[in-house]
Every structure is written in C-alpha cells, then in structure tokens.
Amino acid sequence: MSNTVPVILLDGLLASGSSIISEYVGKSYSFFVVNGNQYMRELGRSTGRVTAPKGTVLHELEILDFYELLAEEQAKVHNQLYSFLTSKISIAEKPTLVHCTGFAAYAFAKHLPVRHIFWLHATIDDRVDRLLAKHTILANDSEKSQLKEKLKKLDNIWEESLKNHLGINLRELESQEDTVIDTANLSTEQAFQKLATIDSFIDTYNSMAALMPDYQQEWRRWQCLVCQLVVETNKVIVQCPRCHNADPDKFKDLD
Ligand SMILES: [Zn+2]
C-alpha cells in the first residue's frame, strides 16, 4: 500500500455497539472513519439477499442470514471487503479508524498497517437491545429470542472460521486487557468514555495525534468544566486527571 496513514480498528461481535462508538470516536478525535459494517449491510440489499423493509425485525433477521452466508463464502467476501477497506484507506489523509464486521477485523489486521485493535465486549442481551435501539425497532419477546439465537449461531460460525482459516483464537483475544472494553450495562456514551480513558487508547491516540489536522503544537491551558481543574498540555485533552471527566464537550480552552 502506498499510503501510510496509521489505522486503528474498533470492533466487537455483531451488534456490540461498535458502529455508534466508532462514529463518536471519529467525531471527537477527528479520525477518518471507514465503516465496513455499513458497506456489508448495503451489499446485502444491493445483491437482493435482504428485501424486507428497513426498521423491521425481519430486515435484521435477513441481514443476519446474509452474514451467515458471507461467513460461509469466506475468501470471496474477504477479498471484496478488503478491497473496499483498502481503497478507502488509500485516500485517507489523516489517521483512520476502521470499523468492520467483527469476524473480519482480525483478518484485516494481518494485512492493514494497524496500530491497535480495540474490541468491545457486550452480553448477548445488550447486543440485541443495541441492535433494536440503533434501528429503532420494536420487538416482542419471541422476536428478541429469535435474534438472540441467530447472533449466537453467527458467533460460533465466525469463531470457528477465524480459528480454522487464520489460527486466531477469539476467546484468547477477549481476555486481553489493553484491547477489550467490557461494555456490559453501559450506554453507548458511557462505553465511549470508558474507551477514551483506557491507557492503551490514550497512548495510541497520542502516538498519532501530531498527524491530526487540528493538532495543537503549542501548550494550552484547558479547564475541566466538571471539577474546574486547569490542565496545561500540548496534546488534545482526553481526560481530566482529577475527576476523570472524558467528555470532549466539557473542557474549556483558556488560551
Ligand atoms: Zn475534572
């Protein structure tokens, strides 16, 4: 690849909330965001595999069936997704955050210039709730358990596939502290704040911050609007050292 912008991956199993959090992170830290998941959803519709109207349980079930089909046609889909991601990254002019489709993230990490992978862990109940909330769908209990069963089935297929094709053990990865963010019982806002305050994220961001268009060369004073502490730094402030506020809107630039 001719382009050398640094890339980080933000992912999780399907419906873990990583899509929304990727958008938050992109906006807050001015990453260029490439959403592989959205691409796959569009692919489902454009190939006629997904036909039910958006915003319905049936639509989501068809999307999950489509993912299952994709998982079985591993190589072909990987090539397609890989060329989508690399063509997007090749036009990026600043550090890029790639959000993929769970199972594919680790496969791509082998080919892309990835600085770090962040993996959101969520319970199966959280995932179904997030999926429904994201697409503003109302579902009854039996529809919810249908979605749950499908997600579980897909997890197993992908886990097997990663193990067999790439020698990647998802269970092992899910126990890496600097990678995995447990989002159980957290809102997306809280999950975002948790990610933004772990050392590995701050270190990774700081290592590429100078390449961001809005990077501050000079030292500035920031006031935390939660506890009023004034912090002097030449980096974009991500967390108040006193009260741990990590909301980018709750810092005031005093200079
Ligand atoms: Zn504070």
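That block above? That's the structure.
Since the structure is predicted, the reported quantities are computational estimates derived from the model, not experimental observations.

Procedures and definitions
- Residues numbered from 1 in each chain as written.
- Predicted model: local features only at pLDDT ≥ 70, side-chain atom pairs only at ≥ 80, totals over all residues.
- Pairing = 2+ DSSP bridges.
- Helix = DSSP H or I, 4+ residues; strand = E, 2+ residues; numbered from the N terminus.
- Axes fitted to C-alpha atoms, helices over the stretch in contact; angles between N-to-C directions.
- Parallel < 35°, antiparallel > 145°, perpendicular 65-115°, else oblique.
- Left-handed = near helix turned anticlockwise from the far one by under 90°.
- Contact = placed C-beta atoms within 7 Å.
- Nonpolar A, V, L, I, M, F, W, Y, C, P; charged D, E, K, R; others polar.
- Buried ≥ 20, exposed ≤ 12 C-beta atoms within 10 Å, placed from the backbone.
- Core = buried A, V, L, I, M, F, W, Y, C linked by C-beta atoms within 7 Å.
- Domains from an automatic or database assignment.

Focus on the sheet that holds strand β7 (residues 230-233)
Okay, so step 1: As summarised here, the arrangement of the 3 strands in space is β7-β6-β8, forming an open sheet in which the pairing is antiparallel. Lying at the two open borders of the sheet, with one neighbouring strand each, are β7 and β8 (251-253). Strand-to-strand twist across the sheet, computed as the mean angle between neighbouring axes with direction ignored, equals 30°.
Okay, so step 2: Relative to β7, strand β6 (residues 220-224) runs antiparallel, the two being bridged by 4 bridges.

Section: the packing of helix α3 (residues 57-72) against helix α7 (residues 141-166)
Okay, so step 1: For the pair α3 and α7, interaxial distance at closest approach is 10 Å and the crossing angle is 15°. As summarised for this structure, α3 and α7 are arranged roughly parallel, according to the angle between their axes. The two elements α3 and α7 meet at a crossing, and its hand is left-handed. Residues Val57, Glu60, Leu61, Leu64, Tyr67, Glu68 and Ala71 of α3 form the contact with α7, whose own contacting residues are Glu143, Gln146, Leu147, Lys150, Leu151, Leu154, Ile157, Trp158 and Ser161.
Okay, so step 2: Residue composition of the contact of α3 with α7, by class: 10 nonpolar, 2 polar and 4 charged.

Examining the sheet that holds strand β1 (residues 7-12)
The strands that make up a sheet are held in pairs by hydrogen bonds between backbone atoms, and each pair lies either parallel or antiparallel.
Okay, so step 1: Strand order across the open sheet formed by 5 strands is β2-β3-β1-β4-β5, with parallel pairing between neighbours. The sheet terminates laterally at β2 (32-35) and β5 (180-182), the two strands that pair on one side only. Within this sheet the neighbouring strands show an average axis-to-axis angle of 20°, counted without direction.
Okay, so step 2: With 3 bridges joining them, strand β4 (residues 114-121) and β5 adopt parallel strand pairing.

Some points on the packing of helix α1 (residues 18-29) against helix α9 (residues 188-196)
Okay, so step 1: Across the interface, α1 lies against α9 with an axial gap of 10 Å and an inter-helix angle of 55°. Taken together, α1 and α9 sit at an angle that is classed as oblique. Of the two possible hands of crossing, α1 and α9 adopt the one that is right-handed. Here Ile20, Ile21, Tyr24 and Val25 of α1 come into contact with α9, specifically with Thr188, Ala191, Phe192 and Leu195.
Okay, so step 2: Tallied by class, the residues present in the contact of α1 with α9 amount to 7 nonpolar, 1 polar and no charged.

A few points about the environment of isoleucine 181
Okay, so step 1: Within the secondary structure, isoleucine 181 is located in strand β5.
Okay, so step 2: Given 25 C-beta atoms within 10 Å, isoleucine 181 falls into the buried group.
Okay, so step 3: Sequence spacing of isoleucine 181 and leucine 14 is 167 residues, and the spatial spacing of their C-alpha atoms is 15 Å.
Okay, so step 4: When near neighbours in sequence (up to four residues on either side) are disregarded, isoleucine 181 contacts Phe118, Leu120, His121, Ala191, Lys194, Leu195 and Ile198.

Thoughts on unusual backbone geometry
Okay, so step 1: The backbone phi angle of asparagine 185 is positive, close to 60°, even though this residue is not glycine.
Okay, so step 2: For asparagine 185, the location among the structural elements is in the loop between β5 and α9.
Okay, so step 3: The class for asparagine 185 is exposed, based on 11 C-beta atoms found within 10 Å.

Thoughts on the nonpolar core
Okay, so step 1: Core analysis: the biggest nonpolar cluster contains 38 residues, and Leu9, Phe118 and Leu195 have the highest contact counts within it.
Okay, so step 2: Looking at this core, you find at least three residues from each of domain 1 (7-215) and domain 2 (217-255).
Okay, so step 3: Of all hydrophobic cores here, the second largest spans 16 residues; its members include Ile63, Leu70, Leu151 and Trp158.

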